[in-house]
Amino acid sequence: MAKFSDLLRPTPAGLYCPPGDFYIDPVRPVERAVITHGHGDHARSGHGAVLATAETLAIMAARWGEGFAGATQSARYGEIIRHKDVEVWLAPAGHILGSAQCLLRWQGMTMAVSGDYKRRRDPTCLPFEPVACDVFVTEATFGLPVFRHPPDGEEIQKLLKSLRQFPERTHLVGAYALGKAQRLICLLREAGYDDTIYIHGAVANLNALYERHGVSLGSLAPATTDKRDKLPGKIVIAPPSAIADRWARRFSDPLPAMASGWMRVRARARQRHVELPLILSDHADWDELTGTIAELAPREVWITHGNEEALLRWSQLNGIAARALELVGYGEEEGES
């Protein structure tokens, strides 16, 4: 009788499906890869062939050029593709634009590889879709009980309140250029903030890509000028590395903020000299991780990366067999580490 490890197994290159002869989010170039989303710790150039959503393929092309893979194939959510003896399909993961879980079915077994995901609403992408499975392969970036993200609206109101309190200061918000920046903009718009939002150049191209895929971001402008005391009382969004860089000195008494799940850890905020920590994450928190496992009730849980031990123990205490894969090459998102 076939074992789960016959369908999917960890290797130094990433998760490998032997009967289909392909990898999921491999960390090095391979002949065939399924890519769950466009963040750099999951999507890499140089593969022979890539299967992903159209949005993820567009993100990869924007980052590495049209020749990022030998061949590409886009798949719609729910579209079943048979490769050799394995049925493969993608389901929304709720992480960023185009993000997907990879579902595999073979010899009566179904396995769901979550990639990165979250369960709360995101105006920039489709919500996570629970799919019944025998094995759920999950991340655990915030896999500790201390990580319970507050409602997004509360964090946005913190930013807007600070704008009212300090109208003479430029609010310089560090946010990862892919996914977090666009979500932050949309949440501000939903909260009624209609002013122009100023953008670092590293964010601009991805904003344009999101808008081409139907995500409206409102009035944006480049945050570039030689004028001193620029943009008092305005919001500027930039990659996290930029808010502590010389680039930030051009603004009017800049108030450094950071949008990240890691802002729950005060030492991280202090280390980055962040005055206004905003706990906004594109990853599931502890309650979302455990709630998802409880909802799916799989026979086994495999944990790819992150804070594995606590989630491993929680699964075992709840009668679910679990194992930590300890995959290398994944982890904290670029710009959030």
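This write-up is about the structure you can find in this document. Computed from a predicted structure; not experimentally measured.

### What about the sheet that holds strand β18 (residues 300-306)?
Inference 1: Strands sit in the order β7-β8-β9-β10-β11-β18-β19 across an open sheet of 7 strands; the sheet is mixed. Single-partner strands in this sheet number two, and they are β7 (81-83) and β19 (321-324). Each strand of the sheet is rotated relative to its neighbour by a mean of 25 degrees, with strand direction disregarded.
Inference 2: Packing of helix α7 (residues 286-296) onto the sheet brings it into contact with β11 (135-140) and β18, and relative to β11 it is tilted by some 175 degrees.
Inference 3: Each of β11, β18 and β19 is contacted by helix α8 (residues 308-317), which is oriented at about 170 degrees to β18, the strand it contacts most.

### Description of the packing of aromatic side chains
Inference 1: Under the defined criterion, the tally for this structure stands at 7 aromatic pairs.
Inference 2: Considering the side-chain rings of Tyr117 and Phe128, the 5.0 Å spacing of their centres and the 35 degrees angle between planes classify their relative orientation as tilted. One end of the pair, Tyr117, is in the loop between β10 (109-113) and β11; the other, Phe128, is in the loop between β10 and β11, with 11 residues separating them in the sequence. In terms of burial, Tyr117 and Phe128 fall into one category: buried.
Inference 3: Geometrically, the ring pair formed by Phe142 and Trp262 is tilted, given 4.6 Å between the ring centres and 50 degrees between the ring planes. Pair noted here: Phe142 is in the loop between β11 and α3 (152-165) and Trp262 is in the loop between β16 (255-259) and α6 (266-271), with a separation of 120 residues, a long-range link. We note that Phe142, like Trp262, is buried.
Inference 4: A network of ring pairs unites the aromatic residues Tyr117, Phe128 and Phe136 as a single cluster.
Inference 5: Directly above the aromatic system of Trp64 lies the positively charged group of Arg63, at a separation of 5.8 Å from the ring centroid.

### A few points about α3
Inference 1: Taking 1.5 Å per residue as the helical rise, α3 with its 14 residues ought to reach 20 Å, and the 20 Å between its terminal C-alpha atoms agrees with that figure.
Inference 2: Among the residues of α3, those classed as buried are Asp152, Glu155, Ile156, Leu159, Leu160, Ser162 and Leu163. Projection of α3 onto a plane perpendicular to its axis shows the buried side chains occupying an angular sector of 155 degrees, all on one side.
Inference 3: Where the residues of α3 are buried, they touch β12 (171-174), α4 (180-190), β15 (235-238), β16 and β17 (276-278).

### Thoughts on the pattern of salt bridges
Inference 1: For the structure on display, the rule yields 21 salt bridges.
Inference 2: Salt bridges here are not isolated pairs; linked through shared partners, they connect Lys118, Arg120, Asp122, Asp152, Arg183, Asp282, Asp285 and Glu288.

### So, the nonpolar core
Inference 1: The biggest cluster of nonpolar side chains holds 35 residues, and the ones touching the most others in it are Val173, Leu184, Leu188, Ile197, Ile235 and Ile237.
Inference 2: Elements with a minimum of two residues in this core: α3, α4, β13 (197-199), α5 (201-212), β15, β16 and β17.
Inference 3: Counting residues per element, this core draws most heavily on α4, which supplies 6 residues.
Inference 4: When residues no more than four places from it in sequence are discounted, the contact partners of Ile235 are Leu159, Leu163, His171, Val173, Leu188, Tyr193, Ile197 and Tyr198.

Scoring rules and cut-offs
Residues numbered from 1 in each chain as written. Predicted model: local features only at pLDDT ≥ 70, side-chain atom pairs only at ≥ 80, totals over all residues. Heavy atoms only, no water. Pairing = 2+ DSSP bridges. Helix = DSSP H or I, 4+ residues; strand = E, 2+ residues; numbered from the N terminus. Axes fitted to C-alpha atoms, helices over the stretch in contact; angles between N-to-C directions. Contact = heavy atoms within 4.5 Å. Phe/Tyr/Trp six-rings, centres within 6.5 Å; stacked < 30°, edge-to-face > 60°. Buried < 20%, exposed > 50% of the residue type's maximum accessible area, 1.4 Å probe, protein only. Lys NZ or Arg CZ within 6 Å of the ring centre and 35° of its normal. Expected span 1.5 Å × (residues − 1). Arc of directions from axis to C-beta. Salt bridge = Lys/Arg side-chain N within 4 Å of Asp/Glu carboxyl O. Core = buried A, V, L, I, M, F, W, Y, C linked by side-chain atoms within 4.5 Å.

This is a description of form; function is not addressed.
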